[in-house]
Amino acid sequence: MRKTLFFFSFLATMSPVFSGGLDTKSDSLRKDALPVYMEANDYIRKEIPYINYVRDIRDASVYILSTREKTGAGGTEYTYFLVGQNMNAGMYDTISFVSAPDATYDEIREQEVNTLKLGLMRYIAKTPLAKYVQINFSEPIAQTVSSDKWDSWVFKAQVNGWFDGQQTYTSNNLNSSFSANRVTEGWKINLRARYNYGIEKFLIDEETIRSENNSRSVNALVVKSISDHWSYGGTVFFGSSSYSNLDRSISMMPGIEYDIFPYSQSTRKQLRILYSIGYNYFNYTDTTIYDKTEEGHAQHSINVAYAVIQKWGKIDLSSEYSNYLYDWSKNNISLYGNISLRILKGLSLNFGGGASILHDQLGLVKTGATTEEILLKKKELATQFQYWGNFGVSFTFGSIYNNVVNPRFGNQFGWGH
């Protein structure tokens, strides 16, 4: 034991020798580096080493908020909001890049680093480190942009399958989809077809119990922009579902939407109100509790969605009310939300969930469900409500700096990305 303690004491004593002594110039540069608060992984810290990554937002001269939003082409738009405070109070910037639909993880993180470097330059320019920065443009650039032969249309086909099993249980699943999307300033068109099939087998006391579910759907969303606050459009849906007792379901719901904030600010804040009214037709596999094998009804709904992202955290809430016009007691009220808050220095609180009050289950099977069907979730069951939720809290303390990346012996908490 004494030999082990002596060995570690010797290593601690000799560490300045191994490191070549303290580099006073490097230490001075580090102290003068720009304090930045952001969610930075190991790759970002390694590729942008000339800033100080601080753990608490109040220690930063710049804090960076980020959002992600799917594009019509199937890629992702990454947006970063840079807000100056303390010595940089009053400075604001918004920068972004769009990844290609087939971009690899490495390509995306390279774009992310390059974009962040560009955004940070005017803040770094106010520090003593500015004289060590060089900016280069690496590619020739044409004066004109070639036309898009696809006219902004993007198509995607996908098939996924998985299976698992053991001596008394097997499960096989197949999901497939095809989508066609076109997003421009004036139009948003999303077309999608899906097919899902799953089968499970259980061997219990030499008896095989089989559970099979399948669903098909084709849906379309078409939206026309009117202004920076208004838009109109609608959805069309065709589908079937063994779980929901539907041989055929058809829905057409035109609607109009107003965003209190301009759509151009949607990545920072939204308060959207959408009203839809249309018609639903159902053809059932089995007779329902209302003695129907088919029926059709007019329906309307109103949806209110609020989202905001700020330095104290982010909020994403939505609520919806709908009912069938022939009987207003056949209604549905739903509320969903996710909230992330920075309470104190190093203390964060996250929680989310949703709940629905259900009075519009028209397709419930009249004969009910057997114990086997209930346990295997083969049929939809009657309920007047449903809910789900999650929560978490984290607390971090210690040094305000978070600059160093050391990959030796791996990362015991998972590979940062």
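Up top is the structure.
Draft legend 1. A look at the overall build of the protein. Looking only at helices and strands, the protein features five helices and 17 strands. In the protein, which comprises 417 residues, the proportion classed as buried is 31%. Residue pairs in contact within the protein that sit at least 24 positions apart in sequence constitute 53% of those at least 6 positions apart. Summed over its atoms, the accessible surface of the protein is roughly 27,100 Å², and 57% of this surface lies on carbon and sulfur atoms.

Draft legend 2. Quick look at the packing of aromatic side chains. Taken as a whole, this structure holds ten aromatic pairs when the rule is applied. Considering the side-chain rings of Trp230 and Tyr258, the 4.7 Å spacing of their centres and the 50° angle between planes classify their relative orientation as tilted. A residue pair is termed long-range when its members are at least 10 positions apart, and Trp230 in strand β10 (residues 230–241) and Tyr258 in strand β11 (residues 246–259) qualify at 28 residues. Judged by its relative accessible area of 27%, Tyr258 falls in the partly exposed class. Above the ring of Tyr53, the side-chain terminus of Arg45 is found at 5.8 Å from the ring centroid. A cation sits over an aromatic face here: Arg109 above Tyr43, 3.9 Å from the ring centre.

Draft legend 3. Up close: a positive patch on the surface. Residues Lys70, Lys156, Arg192 and Arg194 make up a contiguous surface patch of positive charge. Here Lys70 falls in the exposed class, since its relative accessible area comes to 66%.

Draft legend 4. Looking closely at the sheet that holds strand β13 (residues 294–310). Read across the sheet, twelve strands follow the order β6-β7-β8-β9-β10-β11-β12-β13-β14-β15-β16-β17 without closing on themselves; strand pairing throughout is antiparallel. For this open sheet the edge positions go to β6 (153–166) and β17 (385–395), each flanked by a neighbour on one side alone. Between one strand axis and the next, the sheet turns by 10° as a mean value, whatever way the strands run. Sheet analysis places strand β8 (residues 187–204) next to strand β9 (residues 207–225), joined by 18 bridges and oriented antiparallel. The partner of Gly198 across the bridge, within β9, is Asn213.

Draft legend 5. Quick look at the side chain of Ser99. Mapping Ser99 onto the fold places it in strand β5 (residues 92–99). What makes Ser99 buried here is its relative accessible area of 5%. Filtering out sequence-adjacent residues up to four positions away, Ser99 remains in contact with Gly75, Thr76, Tyr78, Ile108 and Gln111.

Draft legend 6. The layout of surface pockets, seen in detail. If you add up the space inside the second largest pocket, you get close to 440 Å³. Lining the second largest pocket are 14 residues, and of these Tyr50, Lys117, Met121, Val133 and Gln134 sit closest to its centre. Examining the composition of the lining of the second largest pocket, we find that four residues originate from one element, helix α4 (residues 105–124), more than from any other. Among the residues forming the lining of the second largest pocket, the class breakdown is nine nonpolar, three polar and two charged.

Draft legend 7. How the structure looks around the side chain of His300. As for its placement among the helices and strands, His300 is situated in strand β13. Polar side-chain contacts of His300 include one of 2.9 Å to the side chain of Asn323.

Draft legend 8. View of the pairing of β11. Looking at chain direction, β10 and β11 are connected through eleven bridges and run antiparallel. Bridge pairing in β11 links Phe237 to Ser251. Between β10 and β11, which pair antiparallel one after the other, the connecting turn spans four residues, and Asn245 there sits at a positive phi close to 65°. Across eleven bridges, the pairing between β11 and strand β12 (residues 269–284) is antiparallel. Residue pairing in the sheet places Ser249 in a bridge with Phe282 of β12.

Draft legend 9. Main features of the environment of Leu271. With respect to the helices and strands, the residue Leu271 is situated in strand β12. In this structure Leu271 comes out as partly exposed when scored by relative accessible area, which is 23%. Along the sequence, Leu271 and Ala307 sit 36 residues apart, while their C-alpha atoms lie 6.7 Å from each other. Those residues in contact with Leu271 that sit more than four places away from it in its chain are Tyr258, Asp259, Ile260, Phe261, Val304, Ala305 and Tyr306.

Draft legend 10. Looking closely at the pattern of salt bridges. Taken as a whole and assessed by the stated rule, the structure comprises eight salt bridges. Residues Asp56 and Arg58 are paired through a salt bridge, measuring 3.3 Å at the closest nitrogen-oxygen approach. A relative accessible area of 56% places Arg58 in the exposed class.

Rules and cut-offs
- Residues numbered from 1 in each chain as written.
- Predicted model: local features only at pLDDT ≥ 70, side-chain atom pairs only at ≥ 80, totals over all residues.
- Heavy atoms only, no water.
- Helix = DSSP H or I, 4+ residues; strand = E, 2+ residues; numbered from the N terminus.
- Buried < 20%, exposed > 50% of the residue type's maximum accessible area, 1.4 Å probe, protein only.
- Contact = heavy atoms within 4.5 Å.
- Areas by Shrake-Rupley, 256 points an atom, 1.4 Å probe, with all protein chains shown as cover.
- Phe/Tyr/Trp six-rings, centres within 6.5 Å; stacked < 30°, edge-to-face > 60°.
- Lys NZ or Arg CZ within 6 Å of the ring centre and 35° of its normal.
- Patch = residues over 30% accessible without salt bridge, like charges linked within 9 Å, V, L, I, M, F, W, Y side chains within 5 Å.
- Salt bridge = Lys/Arg side-chain N within 4 Å of Asp/Glu carboxyl O.
- Lys, Arg positive; Asp, Glu negative; His and termini not counted.
- Charge placed at Lys NZ, Arg CZ, Asp CG, Glu CD.
- Pairing = 2+ DSSP bridges.
- Axes fitted to C-alpha atoms, helices over the stretch in contact; angles between N-to-C directions.
- 1 Å grid on protein atoms, 1.4 Å probe; cavity = no way out; pocket = protein on both sides within 12 Å on 5 of 7 lines; lining within 4 Å.
- Points joined across faces, edges and corners; volume = space filled by probe spheres on them.
- Nonpolar A, V, L, I, M, F, W, Y, C, P; charged D, E, K, R; others polar.
- Polar contact = N/O pair within 3.5 Å; in protein donor to acceptor, adjacent residues only side chain to side chain.

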